[in-house]
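Each chain, letter by letter, is given below.
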Number of protein chains: 2
Amino acid sequence: MATTKGPGTTGAGTETTTAGAATTAARATTAVGASGAPAAPAAPATGHRRGRPRSFDRDAALEQALRLFWEHGYEATSVADLTTAMGIRPPSLYAAFGDKRALFAEVVARYRESHGAYATRALAEEPTARAGVARMLREAAAQATDPDHPWGCLLITSTVNCTTPEVVEAVRELRNANVRALESRIRADVAAGHEPAGTDPAALAQFTATVLQGMSQRARDGAGRAALERVADDAMRIWP
Amino acid sequence: MATTKGPGTTGAGTETTTAGAATTAARATTAVGASGAPAAPAAPATGHRRGRPRSFDRDAALEQALRLFWEHGYEATSVADLTTAMGIRPPSLYAAFGDKRALFAEVVARYRESHGAYATRALAEEPTARAGVARMLREAAAQATDPDHPWGCLLITSTVNCTTPEVVEAVRELRNANVRALESRIRADVAAGHEPAGTDPAALAQFTATVLQGMSQRARDGAGRAALERVADDAMRIWP
DNA sequence: CGCGTTCTGTAGTGCTCGATATAGAATCTC
DNA sequence: GAGATTCTATATCGAGCACTACAGAACGCG
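Residues numbered from 1 in each chain as written. Chains lettered and ligands numbered in written order. Predicted model: local features only at pLDDT ≥ 70, side-chain atom pairs only at ≥ 80, totals over all residues. Heavy atoms only, no water.

### Looking at the confidence of the model for chain A
Residues and elements named next belong to chain A. Using the following cut-off: pLDDT expresses how confident the predictor is about each individual residue, on a scale running from 0 to 100. Contacts between residues were defined by any pair of non-hydrogen atoms, one from each residue, lying within 4.5 Å.
Residues with a pLDDT of 70 or more make up 80% of chain A, whose mean pLDDT is 86. Here residues 1-31 is a poorly scored stretch, pLDDT under 50, and it has 52 contacts once near neighbours within four places are set aside; other chains count. Taken together, the stretch residues 33-45 has pLDDT below 50 and engages in ten contacts with residues farther than four places along the chain or on a different chain.

### Some points on the protein's contact with DNA strand D
As a reminder, the rule being used: It suffices for a single heavy atom of a residue to lie within 4 Å of a molecule or strand for the residue to be listed as near it. Under this definition, polar contacts are N or O atom pairs within 3.5 Å; protein pairs additionally need one hydrogen-donor-capable and one acceptor-capable atom, and for neighbouring residues in sequence, both atoms have to be side-chain atoms. Under the scheme used here, helices are H or I runs from DSSP no shorter than 4 residues and strands are E runs no shorter than 2 residues, and both carry numbers assigned from the N terminus.
Lining the immediate environment of DNA strand D, one finds 22 residues, of which V79, Y94 and K100 of chain A together with G51 and S55 of chain B sit closest. Restricting the count to atoms of DNA strand D within 4 Å of the protein gives a sugar and phosphate share of 72%. T77 of chain A has a polar backbone atom sitting 3.4 Å from a phosphate oxygen of DNA strand D. Residue contributions to the surface near DNA strand D peak at three residues, all from helix α3 (residues 90-97) of chain A.

### Re the interface of chain B and chain A
Put simply, the test is: Only one rule defines a salt bridge in this text: a Lys or Arg side-chain nitrogen within 4 Å of an Asp or Glu carboxyl oxygen. In this classification, the charged set is Asp, Glu, Lys and Arg, the nonpolar set is Ala, Val, Leu, Ile, Met, Phe, Trp, Tyr, Cys and Pro, and all remaining amino acids, among them Gly, are polar.
Tallying the contact residues gives 41 residues for chain B and 43 residues for chain A. Scanning the region where chain B abuts chain A turns up six salt bridges. Applying the counting rule to chain B against chain A returns 20 residue pairs in polar contact (both at pLDDT 80 or more). Put simply, the parts of the chain that give the side of chain B that touches chain A at least two residues each are α1 (58-76), α7 (154-157), α8 (165-191), α9 (201-220) and α10 (225-235) of chain B. Examining the composition of the side of chain B that touches chain A, we find that twelve residues originate from one element, α9 of chain B, more than from any other. Each residue belonging to the side of chain B that touches chain A can be placed in one class, and the counts come to 17 nonpolar, 13 polar and eleven charged.

### Let's talk about the packing of aromatic side chains
Residue and element names in this part refer to chain A. The following threshold applies: Aromatic rings from Phe, Tyr and Trp, taking only the six-membered ring of Trp, are treated as a pair when their centres fall within 6.5 Å; an angle between ring planes under 30 degrees marks them as stacked, one over 60 as edge-to-face, and anything in between as tilted. The classification of residues rests on relative accessible area computed with a 1.4 Å probe and restricted to protein chains. Under 20% of the type maximum is buried, over 50% is exposed, and intermediate values are partly exposed.
As enumerated under the stated definition, the model contains nine aromatic pairs over all chains in all. The interplanar angle of 15° and the centroid separation of 6.0 Å between the aromatic rings of F69 and Y74 together place this pair among those described as stacked. In terms of burial, F69 and Y74 fall into one category: buried. With centroids separated by 5.1 Å and ring planes inclined at 80°, the aromatic side chains of W70 and Y111 adopt a geometry described as edge-to-face. One end of the pair, W70, is in helix α1 (residues 58-76); the other, Y111, is in helix α4 (residues 100-113), with 41 residues separating them in the sequence.

### Describing the relation of the copies chain B and chain A
Our working rule: When the copies are overlaid, the least-squares fit takes in C-alpha atoms only where the residue has pLDDT of at least 70 in both copies.
Note on the identical chains: chain B maps onto chain A by a rotation of 180° and an axial translation of 0.0 Å, with an RMSD of 0.0 Å. On the angle and the small slide along the axis, the relation comes out as a two-fold axis. Measuring from the rotation axis to each C-alpha of chain B, the shortest distance belongs to G214 of chain B, at 1.8 Å. Both copies present the same face, since 98% of the interface residues in chain B are matched by interface residues at the equivalent positions in chain A.

### Some points on empty space enclosed by the protein
Our working rule: Both site types are read off a 1 Å grid over the protein atoms alone. A 1.4 Å probe that fits but cannot get out defines a cavity, while an open set with protein on both sides within 12 Å along at least five of seven lines defines a pocket; lining residues have an atom within 4 Å of a point. Grid points are joined across faces, edges and corners, and a volume is the space filled by probe spheres set on the points.
Overall, the coordinates contain one cavity of 30 Å³ or more when judged by the stated rule. One number sums up the size of the largest cavity: a volume of about 90 Å³. Taken together, I156, T157, V160, Q213 and Q217 of chain A together with I156, T157, V160, Q213, S216 and Q217 of chain B form the lining of the largest cavity. Sorting the residues of the lining of the largest cavity by element identifies α7 (154-157) and α9 (201-220) of chain A together with α7 and α9 of chain B as the ones contributing at least two each. Looking at the lining of the largest cavity, the element that brings in the most residues is α9 of chain B, giving three residues. Looking at side-chain class alone, the lining of the largest cavity contains four nonpolar, seven polar and no charged residues.

### Let's talk about the protein's contact with DNA strand C
Taken together, 23 residues lie near DNA strand C, and G51 and S55 of chain A together with V79, Y94 and K100 of chain B sit nearest. Each atom of DNA strand C within 4 Å of the protein was classed as base or backbone; sugar and phosphate made up 71%. Residue S55 of chain A places a main-chain N or O atom 2.7 Å away from a phosphate oxygen belonging to DNA strand C. Measuring from a phosphate oxygen of DNA strand C, one finds a side-chain N or O atom of Y94 of chain B at 2.9 Å. Counting residues per element, the ones that place at least two in the surface near DNA strand C are α3 of chain A together with α3 (90-97) of chain B. With three residues, α3 of chain B is the largest single contributor of residues to the surface near DNA strand C. When the residues that make up the surface near DNA strand C are grouped by side-chain class, the tally is eight nonpolar, six polar and nine charged.

The structure is reproduced here in structure tokens:
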């Protein structure tokens with residue numbers, strides 16, 4: 001075990017411990033389509049109404065699942081690994097999250113809203129596409145090599161060599177959508193005159209995505225933060 | 001066969017097509033250390049001496065295994081998948097190749113000598129490091145998107161999310177050794193005055209490796225040859 | 001209290017994994 | 001031919017996989 005991780009750490013930092021908004025089981029189908037569940041309407045969102053209350057922190061358990069999927073990928077993370085790390089037994093996992101696919105879908109959504117949010121944030125907050133990409137690449141270098149969590153990017157690594165086509169396709173589509181969004185942002189900036197006329201949105205988006213995904217792999221191979229920040233800076237030199 | 005010497009005795013020659021030079025079972029431990037087999041000295045290199053002859057083409061079977069490992073990775077490729085594709089039964093596979101690990105080690109060696117040889121060749125044949133890297137990146141773009149075989153690079157993808165640490169480590173070391181070799185080549189060129197004084201060998205090697213590994217991932221996500229060749233050309237613009 | 005509801009732990013389900021015991025078939029040397 | 005050797009096919013091994021049937025436990029509600 002523990003090939004790509006930094007110092008273990010159980011995290012446990014941001015736990016809100018709510019259990020308030022936790023649904024009963026099947027959430028949205030989100031990106032990774034679950035089995036075939038019709039997505040029951042369920043209760044009106046508030047905490048449990050009748051019956052034995054859940055004895056574990058759903059949010060904390062989800063965070064543990066995220067770490068595992070991040071480190072070992074979707075397929076190499078077994079339900080037994082998950083239940084052990086989450087501190088629960090299989091029936092509790094299935095009652096709370098549906099099945100492994102649905103749990104992974106929730107993990108992906110959680111990742112995009114937490115550790116993976118830096119990219120969208122950088123593009124949204126910087127005044128120009130160029131500044132946004134520069135910040136995105138530098139933050140990616142820091143993020144991918146952060147010793148507080150597994151190295152690399154969950155969206156990039158977790159479905160590599162996965163034999164469940166639906167899972168692979170769903171996460172791939174998220175990656176490609178990010179590339180398209182980046183291209184759109186650059187194109188809009190060029191149209192608005194914020195970037196030089198010679199700027200090629202498609203090429204820059206493809207190049208940035210390539211560097212970003214390469215940094216994830218390099219981080220997994222042990223490349224350090226400084227080295228990848230240097231790569232990020234170098235990559236910006238191709239901008240016109 | 002380039003990487004290692006066999007552990008003493010029997011060079012075993014260089015695998016031609018027929019069953020001629022095929023060894024009995026365990027070959028060199030090569031990069032991916034096999035279980036713990038002492039690698040028997042075996043017969044003096046020439047084809048089988050006594051007993052029932054092998055009924056399948058060892059080389060062709062190895063090629064089929066290469067395709068499978070290339071497409072699905074080490075762990076997601078099952079022995080059942082392998083025997084089906086190779087047209088043999090499990091005992092034949094184990095008799096001819098040792099075990100799954102040893103078969104994968106042979107596949108890796110074969111890949112480096114065939115589809116993966118372009119990189120070393122580009123660096124060796126071009127007069128300068130810069131020209132070598134430019135050619136390497138362009139050929140990588142073509143190679144990674146070639147419809148005649150799985151996309152991406154076997155050395156980069158096949159051990160992602162693999163739970164066998166020895167296999168992961170062995171292939172990772174091959175990747176990192178390639179980065180170091182690239183850096184050495186650039187450094188030698190700078191020392192010889194073939195590259196400008198401002199050239200940073202370590203940074204250029206890291207950047208090139210990042211782009212190269214990113215292209216593999218982008219190819220798996222469907223990026224086309226033209227798009228990746230554009231990325232390769234763009235990447236060269238960071239050279240001083 | 002009793003009742004319905006929901007969660008939890010034990011203990012499994014059928015399936016696939018990598019690897020092999022065994023016996024028979026095909027080739028060698030003598 | 002006899003015997004040794006090596007390969008092949010059938011059938012299977014124990015372990016692990018995702019997942020669940022079942023019964024008891026913990027709650028809200030009447």
